[in-house]
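Here is what each chain is made of, one letter per residue.
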Amino acid sequence: MGRTVAILVTFAIVALGIGFVATASAGAHATHAITADTNQIRQDHDLRKLGNRKHLRVVARRWAKHMARTGVLEHNPDLAKQVPNFSRLGENVAYGPDWKSVQAAFMGSPPHKAAILGDYHRFGVGSARDSDGLLWVSVVFKSGVNQ
């Protein structure tokens with residue numbers, strides 16, 4: 001009987017691990033998809049692509065994880081402290097069932113669309129899924145010194 005319990009516990013741990021990898025992978029896919037789609041939208045509007053910067057991705061990812069953990073959609077109040085050397089800084093935040101829904105919401109909202117099509121040079125996208133599978137997204141836009 002002790003062996004049966006150990007096998008069940010091992011199975012549960014493996015099953016949970018697979019679920020975590022699938023969720024993390026789904027979040028990474030969303031991040032890459034939104035990054036590519038944002039630049040495609042800019043090109044469709046005769047704008048140059050935005051450079052994808054690691055430090056902006058890190059800030060965006062941390063904020064997306066925070067929103068997913070707390071379940072609260074809000075802008076990052078410390079964004080200006082976390083992104084150095086900017087002349088212009090912006091952020092889009094949203095949540096939805098998948099990246100296409102989030103991107104459609106951004107493009108359907110004049111202020112969010114203005115950020116996507118705005119006079120920025122660099123950006124970073126972060127995403128995270130909450131325990132219910134909802135996708136939370138932060139997109140940080142930047143122009144300025146040491147872009």
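Scroll up for the structure.
Draft legend 1. Spatial organisation of the environment of Ala30. Here Ala30 shows up in helix α1 (residues 2–44). Considering only alpha carbons, one finds Ala30 and Val102, 72 residues apart in sequence, at a separation of 9.7 Å. Not counting chain neighbours up to four residues away, the residues in contact with Ala30 comprise Trp99, Ser127 and Leu135.

Draft legend 2. Summary view of the nonpolar core. Counting 18 residues, the largest nonpolar core has Ile34, Val102, Phe106, Val137, Val139 and Phe141 as its most contacted members. Elements with a minimum of two residues in this core: α1, α4 (99–108), α5 (110–116), β3 (122–129) and β4 (135–143). Every residue in contact with Phe141, bar those within four places of it in the chain, is listed here: Leu50, Arg88, Leu89, Gly90, Glu91, Asn92, Ala115, Ile116, Tyr120, Arg122 and Phe123. Counting residues in each nonpolar core, the second largest holds seven residues, with Ala64, Met67, Ala68 and Trp136 among its members.

Draft legend 3. Just the side chain of Ser143, in detail. Among the secondary structure elements, Ser143 is positioned in strand β4. Taking relative accessible area as the criterion, Ser143 reaches 3% and is therefore assigned buried. Only 2.9 Å separates the side chain of Ser143 from the side chain of His121, close enough to count as a polar contact. Those residues in contact with Ser143 that lie beyond four places of it in its chain are Phe86, Ser87, Arg88, Asp119, Tyr120 and His121.

Draft legend 4. Highlighting the sheet that holds β4. On the basis of which strands lie adjacent, the open sheet formed by four strands has the order β1-β3-β4-β2 and mixed pairing. Two strands in the sheet have a free side with no partner beyond their single neighbour: β1 (51–52) and β2 (88–96). Direction of pairing for β1 relative to β3: parallel, over a ladder of two bridges. When the sheet's bridge partners are listed, Gly51 is paired in β3 with Arg122. Helix α2 (residues 54–70) rests against β1, β2, β3 and β4 of the sheet, and its axis sits at about 30° to β3. Sheet strands touched by α4: β2 and β4. Its angle to β2, the strand with the most contacts, is close to 130°.

Draft legend 5. Highlighting α4. Buried residues of α4: Trp99, Val102, Gln103 and Phe106, and no others. Down the axis of α4, the buried set is contained in an arc of 95°. They therefore lie on one face. In α4, the exposed positions angled more than 90 degrees off the buried face are occupied by Lys100 and Gly108. Capping the start of α4, Asp98 holds a side-chain oxygen 3.2 Å from the backbone nitrogen of Lys100, two or three residues further along.

Scoring rules and cut-offs
Residues numbered from 1 in each chain as written. Predicted model: local features only at pLDDT ≥ 70, side-chain atom pairs only at ≥ 80, totals over all residues. Heavy atoms only, no water. Helix = DSSP H or I, 4+ residues; strand = E, 2+ residues; numbered from the N terminus. Contact = heavy atoms within 4.5 Å. Core = buried A, V, L, I, M, F, W, Y, C linked by side-chain atoms within 4.5 Å. Buried < 20%, exposed > 50% of the residue type's maximum accessible area, 1.4 Å probe, protein only. Polar contact = N/O pair within 3.5 Å; in protein donor to acceptor, adjacent residues only side chain to side chain. Pairing = 2+ DSSP bridges. Axes fitted to C-alpha atoms, helices over the stretch in contact; angles between N-to-C directions. Arc of directions from axis to C-beta.

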